[in-house]
Every structure is written in structure tokens, then in C-alpha cells.
Amino acid sequence: MTLKALIISLFLSGNTLARVAPVKSPSDNYKVKVRIAHGLKNVEVSGTDLTRYLHPVDQSKTYGGRKKVKFNCHYFSKDNKKVSNQILLASLTSGTGLVTFDKKKYQGELHVVTSGRNKKSCDVVNELEMDSYISSLLAKEMNASWPIEALKAQAVAARTYALHKIQKAKLLDSSFYDLENSEKHQVNGDFFDVTRRTLKAARLTSGFVLKNKLGKLTPAFFHASCGGRTLRPDEVWSNKVVGYEKVANCNYCKKKDNWQSVISRSRLKKIISWAMRKGYITKKLNLDKKIRIYKDKRNRKFLNIKVGSRKIKLKKAFFRRYFGRVQFPSNYFYLADGLGKGPVHFVGKGNGHGVGLCQVGSRGLALKGWDYKRILSHYFPELNIKKIY
Ligand SMILES: [Zn+2]
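From a predicted model like this one, the values you see are computed outputs, not experimental measurements.

## Regarding the overall build of the protein chain
Piece 1. When you go through the protein chain residue by residue, the secondary structure sums to 10 helices and 21 strands.
Piece 2. Burial statistics for the protein chain: of 389 residues in total, 40% are counted as buried.
Piece 3. Restricting the contact set of the protein chain to residue pairs at least 6 apart, pairs at least 24 apart contribute 70%.

Here it is in C-alpha cells:
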């Protein structure tokens, strides 16, 4: 047995290797690879008529009936000191098309990958067809009971976001997945999150995406509720994205303020000092001096502050980034109190970053009778809807 085969056999915790022809994955240009787990010491995958393909030794084995296979990730990484970047270890498919991992059933294929440099653990990646991915995502990112035209608008936005991520991952060529299953990217469900309506929304919009005037895929962002108007990406993050305009009239979330947050003076100092470290504030400030805040309006992007005799502008979006989504549910807020010496009191509207498609607004427009194309044109006035497959 070669060293490589020995490592693999340790990794498989006792399973013997069988020499069967490798399984060829179906060639489909529109598949998405989603990282569904990260940093695991052990991985257990089960399924009926399971086929396990081991990449490092190019070997495949199919098990008849119900079978559970285990992978001991720490063995593999510990014994192979040369492992630095990620390595694709195994791929699993089943006769039923569903593979079980962590008590959830996934469509398509599951891949077991090392977590990366010096990490004695594995990641699990689910590779599946785009429209299956979209149909499982809709129940998590929106609500399967919402009007079908709102679900369809969400489907096009999520498909565009995913395809843009796939393009980026291909350019980098350094990762075994395109997206994370997290709020950072998009939250997708498992097979049991798919409903008749989410499937319908994915199928009826199959291949439709949003492109900018240059004919390029654009990251189509979305959020729960804008609070009355949406923001451009550069108002929240630092990057400008071609094809974005803010939408000032989202009538369905123009309701009353729905959150408030109180920040102590010492925490205000902390965020200013963080912004200085990050280079967002270039002026040299002495934070032991008196800090004054100026009167504010909700639609201002910056909070105007004076530290000693120096005036600074602190981007409001930094508060959500620094203090988190629980303390700052949206980027649409203003200073309600705190001009004096006491704690700083903020009041805000909406939920989410506020960029792109507003879900509460889409629901309202769909109930009013708008179709998904009109809803998308409302939130993405500069983008065109195109069918690419
Ligand atoms: Zn809205």
C-alpha cells in the first residue's frame, strides 16, 4: 500500500477500497457548488445505493441498499504534512438522487474537501443544478406561502447572485465551492424545504437573470425590508456596482420606526478607533478629547462627529458592520438622542442591508397585481432581464 492509499484508508475509518470505474458527473453548465458545512473533524454521509468516489486514488465504490459512510478528516490532514491548500477527497451520489448529511437530505452530489491550510478538518460542499438550488432557497430566503410573482422575482435575483459568484469563483480558481450557505451569501435549504410553489417559481423563471447595460451579470442583492427606500451598494459597502440606482418609493415598508439601539460613549469611541485602524478615517484623532455628535437626519449616509476640534464623518453603514445585525437591523436610521454627554440613541426602519430587491415591497407589489418582471424593473431600474439558458 502506498503512503497515499494508507492515508486514504485512515481517512475512511476502516472501509476497504474497491476497484470500480469512477462515476462521471452529468455535464451541466448551470450547477452551483454550495459549502454547507465547514471545519468538521468527522463527516457522515448516508443514502440508498450510495456511490463513493475517492479523488486522490481515483477509485469508486457503490453500496447496495442503505449505507452510511464515515470520513475521519483529522487523520488525513495530520498525516499528510504537505496538505496546504484544499484537496477534494471524495464525492458521493445516490441511486435516489438524494444524499443525507447532518440529518438533512440534499439533491445532487456531496463533496468532502479538506478545510485548507493547516486545518485538520473537512468542509462539505453540495453541488446541484441551479433550479433545484433556487427552489430550496426560496423557502429560506423568502416565504413559500408568499405570492408567486414575488417568489419569481426573488428566484431571478438569487439565480443572478449565484451565477455571478460562480463566475468569480472560476476566475479565482482556488476554491471548491462558489457560495457559502450563510447570511453572508445566500441561505439555501435542503430537499424538504422545496414546495410545489417554490419549485414552480424556479421553473417558470428558469434561465432568467439580471444583466447590466454592458451585458454582464450583476450581483443582484436583496434584503427583507428597506424601510421606505433602497440604497446603492456603494452607500453600504465601498464598491460601486454598475447598474444600481436607489429606489426612493417603496411604499410597503414606509411604516413606523421598528427598531432602536443605544450605544454607550465608550462603544462610540471603539467604533471610531476601529474606523481609524481600518483607514476609513484618515485624520489623526485624540479619542481622550470631548466627542460631540451633530443633529442628524434619517436619510443622511454619515453621522457627523467632532472629536476635540476635528470634524469627521462616520458612515452609518459601519455601525451595522461593527456592532452587528442584532444591534443595527438596517442601515436606515438616525440619531434620536445623544447630542449631550450620555449614551447615543438611534432609531431605525427596515431590516437588512437595504440594497437591491426589497422582499416586503415585492410581496406588496405582487399582491397589487404586478408580475415578477415589473417588480424586478422597479428595484433594478438599470438592469435588464435576460434568459441565458
Ligand atoms: Zn421596501
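## With respect to the sheet that holds strand E15 (residues 291–293)
Piece 1. The sheet built from three strands is open, its strands ordered E15-E16-E17 with antiparallel pairing. The open sheet is flanked by E15 and strand E17 (310–315), the only strands paired with a single partner. Sheet twist, expressed as the average angle between the axes of neighbouring strands with direction ignored, equals 30 degrees.
Piece 2. Across three bridges, the pairing between E15 and strand E16 (residues 302–307) is antiparallel.

## A word on helix H7 (residues 265–277)
It helps to recall that an α-helix has 3.6 residues per turn; residues three or four apart then point in one direction.
Piece 1. Taking 1.5 Å per residue, 13 residues should reach 18 Å; H7 reaches 19 Å between its end C-alpha atoms and fits that length.
Piece 2. Note on H7: the residue one or two positions beyond its end, Gly-279, has a positive phi of about 85 degrees.

## Concerning the sheet that holds strand E11 (residues 179–180)
Piece 1. Here we have seven strands laid out as an open sheet, ordered E4-E3-E6-E9-E10-E1-E11, and mixed in their pairing. Two strands in the sheet have a free side with no partner beyond their single neighbour: strand E4 (59–62) and E11.
Piece 2. Strand direction decides the pairing type here: strand E9 (residues 109–114) and strand E10 (residues 122–129), joined by six bridges, are antiparallel. If you follow Val-113 over to E10, its bridge partner there is Asp-123.
Piece 3. Against the sheet, helix H3 (residues 130–141) contacts strand E1 (31–40) and E10, and its axis sits at roughly 105 degrees relative to E10.

## Here we look at the packing of H3 against helix H5 (residues 196–204)
Piece 1. The interhelical angle for the contact between H3 and H5, taken along N-to-C directions, is 135 degrees, at an axis separation of 8 Å. In terms of axis orientation, H3 runs oblique to H5. Crossing angle aside, the handedness with which H3 passes H5 is right-handed. On H5, the residues touching Asp-131, Ile-134, Ser-135, Leu-138 and Ala-139 of H3 are Thr-198, Leu-199, Ala-201, Ala-202 and Arg-203.
Piece 2. Class assignment of the residues belonging to the contact of H3 with H5 gives a composition of six nonpolar, two polar and two charged.

## Remarks on unusual backbone geometry
Most peptide bonds take the trans form, and the phi angle of most residues other than glycine is negative.
Piece 1. Positive phi outside glycine occurs at Asp-58, with the angle close to 55 degrees.
Piece 2. Relative to the elements of secondary structure, Asp-58 occurs in the loop between strand E3 (51–54) and E4.

## A closer look at the packing of helix H4 (residues 148–172) against helix H10 (residues 372–379)
Piece 1. For the pair H4 and H10, the least separation of the axes is 8 Å and the interaxial angle reads 55 degrees. Relative to H10, the element H4 is oriented oblique. Of the two elements, H4 crosses H10, and the hand of that crossing is right-handed. Side by side, H4 and H10 meet where Glu-149, Ala-150, Lys-152, Ala-153 and Val-156 of the first sit next to Tyr-372, Ile-375 and Leu-376 of the second.
Piece 2. Here the residues of the contact of H4 with H10 sort into six nonpolar, no polar and two charged.

## With respect to the environment of Tyr-161
Piece 1. Locating Tyr-161 in the fold gives a position in helix H4.
Piece 2. Tyr-161 sits 60 residues away from Phe-221 along the chain, and the two C-alpha atoms are 6.9 Å apart.
Piece 3. Among residues more than four places away in sequence, those in contact with Tyr-161 are Gln-186, Pro-219 and Ala-220.

## Examining the nonpolar core
Piece 1. Within the largest apolar cluster, 74 residues are counted, with the highest numbers of intra-cluster contacts made by Leu-138, Ala-157 and Ala-162.
Piece 2. What Ala-157 contacts, discounting residues up to four positions off in sequence, is Leu-210, Ala-220, Phe-222, Gly-356 and Leu-357.

## A closer look at the pairing of strand E8 (residues 104–107)
Piece 1. The pairing of strand E7 (residues 98–101) with E8 spans four bridges and is classified as antiparallel. When the bridges of E8 are listed, Phe-101 appears paired with Lys-104.
Piece 2. Connecting E7 to the next strand, E8, in antiparallel fashion are two residues, including Asp-102 with a positive phi near 50 degrees.

## Here's the deal with the environment of Leu-217
Piece 1. Relative to the assigned elements, Leu-217 resides in the loop between strand E12 (208–211) and strand E13 (222–223).
Piece 2. As a C-alpha pair, Leu-217 and Lys-165 span 52 residues in sequence and 9.7 Å in three-dimensional space.
Piece 3. In contact with Leu-217, other than residues within four places in its own chain, are Thr-160, Leu-163, His-164, Gln-167, Val-209 and Lys-211.

## A look at the confidence of the model for the protein chain
Piece 1. Per-residue pLDDT for the protein chain averages 88, and the proportion of residues at 70 or more is 89%.
Piece 2. Note on residues 13–27: pLDDT under 50 across the span, and 20 contacts to partners over four residues away in sequence or across chains.

## Here we look at the environment of Lys-297
Piece 1. Structurally, Lys-297 is set in the loop between E15 and E16.
Piece 2. The exposure class of Lys-297 is exposed, given the 7 C-beta atoms found within 10 Å.
Piece 3. Along the chain, Lys-297 and Tyr-334 lie 37 residues apart, while their C-alpha atoms are 5.6 Å from each other.

Here is what the cut-offs are and how they apply
Residues numbered from 1 in each chain as written. Predicted model: local features only at pLDDT ≥ 70, side-chain atom pairs only at ≥ 80, totals over all residues. Helix = DSSP H or I, 4+ residues; strand = E, 2+ residues; numbered from the N terminus. Buried ≥ 20, exposed ≤ 12 C-beta atoms within 10 Å, placed from the backbone. Contact = placed C-beta atoms within 7 Å. Pairing = 2+ DSSP bridges. Axes fitted to C-alpha atoms, helices over the stretch in contact; angles between N-to-C directions. Expected span 1.5 Å × (residues − 1). Parallel < 35°, antiparallel > 145°, perpendicular 65-115°, else oblique. Left-handed = near helix turned anticlockwise from the far one by under 90°. Nonpolar A, V, L, I, M, F, W, Y, C, P; charged D, E, K, R; others polar. Core = buried A, V, L, I, M, F, W, Y, C linked by C-beta atoms within 7 Å. pLDDT = per-residue confidence, 0-100.

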